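# Examining the three-dimensional arrangement
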Amino acid sequence: DSLPYSYGFEDMATGSNTVRPDIPCWTHINNGTTYFGYPYVSSTTPHSGTRNLYWYGSTTMGTYSDYQAVVLPGLDTDVHAINTVQLTFWARPSSTSYYPVLQVGVMTNPYDINTFQLVQTVNVQNVTTWQEFNVMFGAYTGYGNYIAVRLNRPSSAFYVYTDDFTISLIPNCPPVESHHVTATAGAAVITWEIDPNFGGSPESFEVRYGYASDSLSGATVSYETNPFISLSGLDADTTYMVSIAPVCGGT
């Protein structure tokens, strides 16, 4: 009933793939017949502190698992409705050969995987640096109050670390994400997106651009009502810096 709620597994002992971690107030689900400990608490290359959560997506049916999940503590929806919160966490694969896929959703029963309702699929890039992910539940219309992260049996095996989970209120303005740049001689078209689960949209977007060497000092400012901008008159062989910020409520 109090947000933000954050957890990074720092008070947990490291485990193994045959021991279910007893994470305080969390629920651990894995239907494997032998290696049912995934995801377990690890001390290998955490995002912060000394611990993280280590997952293995195996292609082997049954032995490891067809599904595994962690369910975060249930929200008091009389205080914070699910469609007013977001989940932020960090993830990275253990090798650049892996392309991990995680699912974030909501459950009505933390012990029954069949109550899992998918909100967003998270595709972790194949780089061994930590990546931040933010899932907003603004478009959720169900009755669940348990946020969960699930891994289904993949078509290609992978290992992935996750860390520093935070449930917080959705900000007043949605973040800009998924930038795309198409550059031609002396010109560029920049497009972007906002999280579709935010449940709302900005009034406009403030775009600042200028020479990268100036770090946007004295940048040109443009306000766009649509999520794209076309720039012209750019210098060839020159690096530019662009900043895009949503505008909500006049700010």
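Throughout what follows, the structure given in this document is the object of discussion. (Residues numbered from 1 in each chain as written. Predicted model: local features only at pLDDT ≥ 70, side-chain atom pairs only at ≥ 80, totals over all residues. Heavy atoms only, no water.)

## Points about the environment of Gln103
Relative to the assigned elements, Gln103 resides in strand 7 (residues 101–107). For Gln103, a relative accessible area of 16% translates into the label buried. Separated by 99 residues in sequence, Gln103 and Pro202 have C-alpha atoms that sit 27 Å apart. At 2.6 Å, the side chain of Gln103 and the side chain of Arg150 are in polar contact. At a separation of 3.3 Å, a polar atom in the side chain of Gln103 contacts the side chain of Asn152. (Helix = DSSP H or I, 4+ residues; strand = E, 2+ residues; numbered from the N terminus. Buried < 20%, exposed > 50% of the residue type's maximum accessible area, 1.4 Å probe, protein only. Polar contact = N/O pair within 3.5 Å; in protein donor to acceptor, adjacent residues only side chain to side chain.)

## Quick notes on the packing of aromatic side chains
Under the defined criterion, the tally for this structure stands at 19 aromatic pairs. Relative to Tyr40, the ring of Tyr38 has its centre 5.3 Å away and its plane inclined at 40°; by these criteria the two rings are tilted. Since its relative accessible area comes to 5%, Tyr38 is described here as buried. Here Tyr40 falls in the buried class, since its relative accessible area comes to 14%. Put simply, the rings of Tyr35, Tyr38, Tyr40, Tyr54, Tyr56, Tyr64, Tyr98, Tyr159 and Tyr161 pair up and form one aromatic cluster. (Phe/Tyr/Trp six-rings, centres within 6.5 Å; stacked < 30°, edge-to-face > 60°.)

## Some thoughts on the layout of surface pockets
Approximately 420 Å³ is the volume found for the largest pocket. Secondary-structure elements contributing two or more residues to the lining of the largest pocket are strand 8 (117–123), strand 9 (131–136) and strand 12 (176–184). For the lining of the largest pocket, the residue count by class is 5 nonpolar, 7 polar and 3 charged. For the second largest pocket, the calculated volume is near 270 Å³. For the second largest pocket, the lining is made up of 18 residues, of which Val181, Ala183, Ala188, Leu234 and Tyr240 are closest to its centre. When contributions to the lining of the second largest pocket are tallied by element, the ones reaching two or more residues are strand 12, strand 13 (187–194) and strand 17 (240–247). (1 Å grid on protein atoms, 1.4 Å probe; cavity = no way out; pocket = protein on both sides within 12 Å on 5 of 7 lines; lining within 4 Å. Points joined across faces, edges and corners; volume = space filled by probe spheres on them. Nonpolar A, V, L, I, M, F, W, Y, C, P; charged D, E, K, R; others polar.)

## A word on the state of the cysteines
Under the definition given, this model contains 1 disulfide. Between the sulfur of Cys173 and that of Cys248 lies a disulfide, 1.9 Å long from S to S. The chirality of the disulfide connecting Cys173 with Cys248 is right-handed, given an S-S dihedral of about 80°. Of the two residues, Cys173 sits in the loop between strand 11 (158–169) and strand 12 while Cys248 sits in the segment after strand 17, which places them 75 residues apart along the sequence. The buried category is assigned to Cys173, whose relative accessible area is 18%. (Disulfide = S-S within 2.5 Å.)

## Re the environment of Leu169
The residue Leu169 is located in strand 11 in this model. Of the residues examined, Leu169 reaches a relative accessible area of 44% and is grouped as partly exposed.

## Brief notes about the pattern of salt bridges
Counted according to the given criterion, the structure contains 2 salt bridges. A salt bridge links Arg153 to Asp66; the nearest nitrogen and oxygen atoms lie 3.0 Å apart. On the criterion of sequence distance, the pair formed by Arg153 in the loop between strand 10 (146–152) and strand 11 and Asp66 in the loop between strand 4 (52–57) and strand 5 (67–71) is long-range, its members being 87 residues apart. For Arg153, a relative accessible area of 34% translates into the label partly exposed. Put simply, Arg208 and Glu206 hold a salt bridge, and the shortest N to O gap is 3.0 Å. Of the residues examined, Arg208 reaches a relative accessible area of 33% and is grouped as partly exposed. (Salt bridge = Lys/Arg side-chain N within 4 Å of Asp/Glu carboxyl O.)

## What to know about the side chain of Thr115
As for its placement among the helices and strands, Thr115 is situated in the loop between strand 7 and strand 8. Given a relative accessible area of 17%, Thr115 falls into the buried group. Here Thr108 takes part through its backbone nitrogen, which lies 3.5 Å from a polar atom of the side chain of Thr115. In this view, Thr115 contacts Val106, Met107, Thr108 and Asn109; residues no more than four positions away in its chain are not counted. (Contact = heavy atoms within 4.5 Å.)

## With respect to the sheet that holds strand 7
The sheet built from 5 strands is open, its strands ordered 2-5-10-7-8 with antiparallel pairing. Each edge of the open sheet carries a strand with a single partner, namely strand 2 (27–30) and strand 8. Averaged over all pairs of adjacent strands, the angle between strand axes in this sheet comes to 20°, irrespective of strand direction. Here strand 2 runs beside strand 5; their pairing, made up of 4 bridges, is antiparallel. Residue pairing for strand 5: Ile29 is matched across the bridge by Ala69. (Pairing = 2+ DSSP bridges. Axes fitted to C-alpha atoms, helices over the stretch in contact; angles between N-to-C directions.)

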